[in-house]
Amino acid sequence: MPTIPETLRVDPGRLWEDFQNLSRFGRTQEEGVSRPAFSAVHLQARAWFRERVLAAGLKFSVDGAGNHSARLDCALPAAGKHARVLLLGSHLDSVPNGGRYDGALGVLAALEVLRVIKDAGLALPVDLEAIDFSDEEGTLLGLMGSRALAGKLTRAELAAPRGGRQALLEGLGRAGLDEAGLLTANRSVQQVSGYLELHIEQGPRLKSQGMQIGVVTAIVGISSYRLVFTGRADHAGTTPVQDRLDAAQGAAAFILEARKLVLQQFPGCVANVGLLVLEPGAYNIVPQRAVLGFECRSASMGELERLEAALLAQAQHEAQRYNLGLEAELLSRHAPAMMSVKVQDAIAGAAEALGLAHTRLASGAGHDAQSLASLCSSGMIFIPSQEGGSHSPREHSTWQDCLNGANVLLGATLRMALQQMDQTI
Ligand code: HGY
Ligand code: MN
Ligand code: MN
């Protein structure tokens, strides 16, 4: 294998300026960001990213899923025009009032790696592409752009997305996209040689262990459900409490029991009710319907399915207890994914070369890398999250940690490119 130019580093000032400028799009009062997929501010952030790509003299492209890419055609002539591409990326969309680092750091570091390699005039066995995936956070569907690229998106998912069909169509419309484009954005392993993603850990482990870099071994599986408890609307003043068919009672009991169930029976898993709507939604009407949006997560598919079954049985039990109807709809199930050991070793090698303390760990957050893992050799680099916070303005990583992560991404990119990661996963 040709020698790796170990002295190359990202440009701290250039990356810092990009990070500060990007954080302006969708900035919230609490210094977080709100850039829901295909919202006006998300599209403005993407337009800004396009300008940065062109300013760097890189090729810009958008695929049928709205994934935005910078491309550096640095493949050696021997690779010919069929050179495969090594993807580096993450996502520019965010959760409502989320943090400035989630996704953004990975996209900007990927762009910076392409600039550094371009400025160094390096020729590699593969081309390089920095990619910003559409709707990673699931405002509309979840891992939408990366699942489209990996050829995993299905018509069924598009028919009942967790953010609602109407929101999906309106979002696609604002971005100039359509379903046909989503379903034809897939690439093959003959085109893609591998995938790398830099991301904040979004949890407390690296910091508590005094580690500077996390080498991700696996990514958690995530299932999303919509539950509807149905009772009867009644006058909140004149209806005797014991005669009410109160949908809120069923929902509240489920939320409390679900937490107990996970703690007692599924200690390695999580469940979260993130959405709760009571209808008709007035102070003086006993709620007729309670609509819940919940997620549950496990590192193993078998356990995820058992957890889902246990939670649905609990919901059924609470519906019977309060004489309510119950509808349960599975909206999405993203399988857990193992990260390529070869890519893990490339990341660990890059961290070692930089003298950074590193450890291997699984991810409790979902990521685009779990979509790409079924297509090509994929891996993730974590940096520590201060106080472990994320998906809130509390999210913070030190700038030194961000630079460490970007330099590990650079080193791992060179290792993966020069080792010409083979096509097996
Ligand atoms: O929800 C997640 O785990 C990720 O941040 N999208
Ligand atoms: Mn993310
Ligand atoms: Mn996130």
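Look above for the structure.
Our subject in this report is the structure included herewith. Numbers given to residues run from 1 along each chain, matching the order in which its sequence is written. Written order determines the labels here, with chains lettered from A and ligands numbered from 1. Residues qualify for local features only when their pLDDT is at least 70, as the model is predicted, and side-chain atom pairs are given and counted only at 80 or more; totals for whole chains, interfaces and linings, by contrast, use all residues. Hydrogen atoms and water are omitted, and side-chain values are computed over all heavy atoms in the structure.

**Describing the overall build of the protein**
Only DSSP runs of H or I reaching four residues or more are called helices, and only runs of E reaching two or more are called strands; each is numbered from the N terminus. Of regular secondary structure, the protein possesses 13 helices and 15 strands. It is over C-alpha atoms that the radius of gyration is taken, and the globule rule equals 2.2 Å times the number of residues to the power 0.38. Taken against the 2.2 N^0.38 rule, which gives 22 Å for 425 residues, the C-alpha radius of gyration of the protein at 23 Å falls within 12% of a compact globule. The buried share of the protein, taken over its 425 residues, is 55%. For the protein, long-range pairs separated by at least 24 residues make up 80% of all intrachain contacts whose partners lie at least 6 apart in sequence. For the protein, the exposed area adds up to about 17,000 Å²; of that, 53% sits on carbon and sulfur atoms. Here the protein contributes 38 positive and 44 negative side-chain charges, whose respective centroids are spaced 2 Å apart. To sort residues, take the accessible area from a 1.4 Å probe on protein chains only and compare it with the maximum for the residue type: under 20% means buried, over 50% means exposed, and anything in between is partly exposed. Whether two residues touch is decided by their heavy atoms; if any such pair falls within 4.5 Å, the residues are in contact. Where accessible areas are quoted, they stem from the Shrake-Rupley method and a 1.4 Å probe; at the residue level, only the protein chains shown are allowed to cover. For the purpose of charge, His is not counted, nor are the chain termini; Lys and Arg are scored as positive and Asp and Glu as negative. Charge coordinates come from a single atom per side chain, which is NZ of Lys, CZ of Arg, CG of Asp or CD of Glu.

**Overview of the packing of helix α3 (residues 104–119) against helix α13 (residues 399–418)**
The axes are straight lines fitted to the C-alpha atoms, using for helices just the contacting stretch, and the angles between their N-to-C directions are given from 0 to 180°. At their nearest, the axes of α3 and α13 sit 9 Å apart, and the two run at 55° to each other. By the angle class used here, α3 and α13 are oblique. Judged by the twist between their axes, the crossing of α3 over α13 is right-handed. Counted together, Leu105, Ala109, Ala110, Val113, Val116 and Ile117 of α3 and Cys402, Ala406, Leu409, Leu410, Thr413 and Leu414 of α13 form the full contact between these two elements. Side-chain classes follow a simple rule in which Ala, Val, Leu, Ile, Met, Phe, Trp, Tyr, Cys and Pro form the nonpolar group, Asp, Glu, Lys and Arg form the charged group, and the remainder, Gly included, forms the polar group. Within the contact of α3 with α13, the residues separate by chemical class into 11 nonpolar, 1 polar and no charged. Angle categories: roughly parallel below 35 degrees, roughly antiparallel above 145, roughly perpendicular from 65 to 115, and oblique for all the rest. Take the far helix as the reference: if the near one is turned anticlockwise from it by less than a right angle, the crossing is left-handed, and if turned clockwise, right-handed.

**Section: the site of ligand 1**
When we say a residue is near a molecule or strand, we mean one of its heavy atoms is within 4 Å of it. With respect to spatial proximity, the complete set of residues near ligand 1 consists of Asp102, Glu136, Glu137, Gln202, Arg297, Ala365, Gly366 and His391. Each polar contact in these results corresponds to two N or O atoms within 3.5 Å; when the atoms are within protein, one needs to be able to donate a hydrogen and the other to accept it, and residues that are neighboring in sequence are counted only if both atoms are side-chain atoms. Taking Arg297, its side chain carries an N or O atom lying 2.7 Å from an oxygen atom of ligand 1. One of the backbone nitrogen or oxygen atoms of Gly366 is found 2.7 Å away from an oxygen atom of ligand 1. Alone, ligand 1 offers 210 Å² of accessible surface; in the complex the protein occludes 91% of this. Looking at side-chain class alone, the shell around ligand 1 contains 1 nonpolar, 3 polar and 4 charged residues.

**Topic: the sheet that holds strand β11 (residues 289–298)**
Whether two strands pair depends on DSSP finding at least two bridges between them. Taken in spatial order, the 4 strands of this open sheet run β9-β11-β7-β12, and their pairing is antiparallel. A strand with exactly one partner marks an edge of an open sheet, and here the two such strands are β9 (270–279) and β12 (325–334). Neighbour-to-neighbour, the strand axes of this sheet turn through a mean angle of 15°, independent of strand direction. As paired elements, β9 and β11 share 9 bridges and run antiparallel to each other. Within the sheet, the bridge partner assigned to Leu275 lies in β11 and is Gly293. Across the sheet, helix α9 (residues 247–265) is in contact with β7 (221–230), β9 and β11; its angle to β11 comes to roughly 10°. Where helix α10 (residues 301–321) meets the sheet, it contacts β7, β9, β11 and β12, and its direction lies at approximately 10° from that of β7.

**Digging into the coordination of the manganese ion (ligand 2)**
Note that water is not among the atoms considered, so a metal site may appear incomplete; the donors listed are N, O and S atoms within 2.8 Å of the metal, with 3.2 Å applied to Na, K and Ca. Listed as protein donors to the manganese ion (ligand 2) are His91 (NE2), Asp102 (OD) and His199 (NE2); their distances from the metal cover 2.1 to 2.3 Å. Of note, the donors binding the manganese ion (ligand 2) are all from one chain and are spaced H-x10-D-x96-H. In this model, the manganese ion (ligand 2) sits 3.5 Å from the manganese ion (ligand 3), the two metals being bridged by Asp102. Here His199 lies in strand β5 (residues 192–200) and Asp102 lies in the loop between β3 (85–90) and α3, a separation of 97 residues in the sequence. For the pair shown, Asp102 and His199 are each scored as buried.

**Considerations on the nonpolar core**
With 59 residues, the main nonpolar core has Leu128 and Leu196 as its most contacted residues. Apart from residues no more than four positions distant in its own chain, Leu128 is found in contact with Ala70, Arg71, Leu72, Cys74, Val85, Leu86, Leu114, Ile117 and Thr413. Put simply, buried Ala, Val, Leu, Ile, Met, Phe, Trp, Tyr and Cys residues joined by side-chain atoms within 4.5 Å make one nonpolar core. The next biggest cluster of nonpolar side chains, apart from the first, holds 22 residues, and it includes Leu227, Cys296, Ala319 and Leu324.

**Describing unusual backbone geometry**
Here the bond from Glu279 into Pro280 is cis, since omega is 5°, no more than 30 degrees from zero. Note on placement: Pro280 falls in the loop between β9 and β10 (285–286). Phi is positive for Phe38, close to 65°, though the residue is something other than glycine. Of note, Phe38 is situated in the loop between α1 (12–22) and α2 (40–55). A relative accessible area of 0% means that Phe38 is categorised as buried. The backbone phi angle of Asn97 is positive, close to 50°, even though this residue is not glycine. Mapped onto the secondary structure, Asn97 falls in the loop between β3 and α3.

**Here we look at the environment of Ala412**
In this fold, Ala412 is placed in helix α13. Residue class for Ala412 comes out buried when judged on its relative accessible area of 0%. Expressed as a C-alpha distance, the spacing of Ala412 and Leu128, which sit 284 residues apart in the sequence, is 13 Å. With residues near it in sequence (within four places) discarded, Ala412 still touches Leu196, Ala346, Ile347 and Ala350.

**Remarks on the pairing of strand β2 (residues 68–72)**
β2 sits mainly inside the fold: 4 of its 5 residues count as buried. As paired strands, strand β1 (residues 59–62) and β2 are joined by 4 bridges and run antiparallel to one another. By the bridge assignment, Phe60 is partnered in β2 with Ala70. Hairpin connection of β1 to β2: 5 residues between the antiparallel strands, including Gly66 at a positive phi of 80°. In terms of strand pairing, β2 meets strand β4 (residues 127–132) through 5 bridges, oriented antiparallel. Bridging across to β4, Leu72 finds its partner in Leu128.

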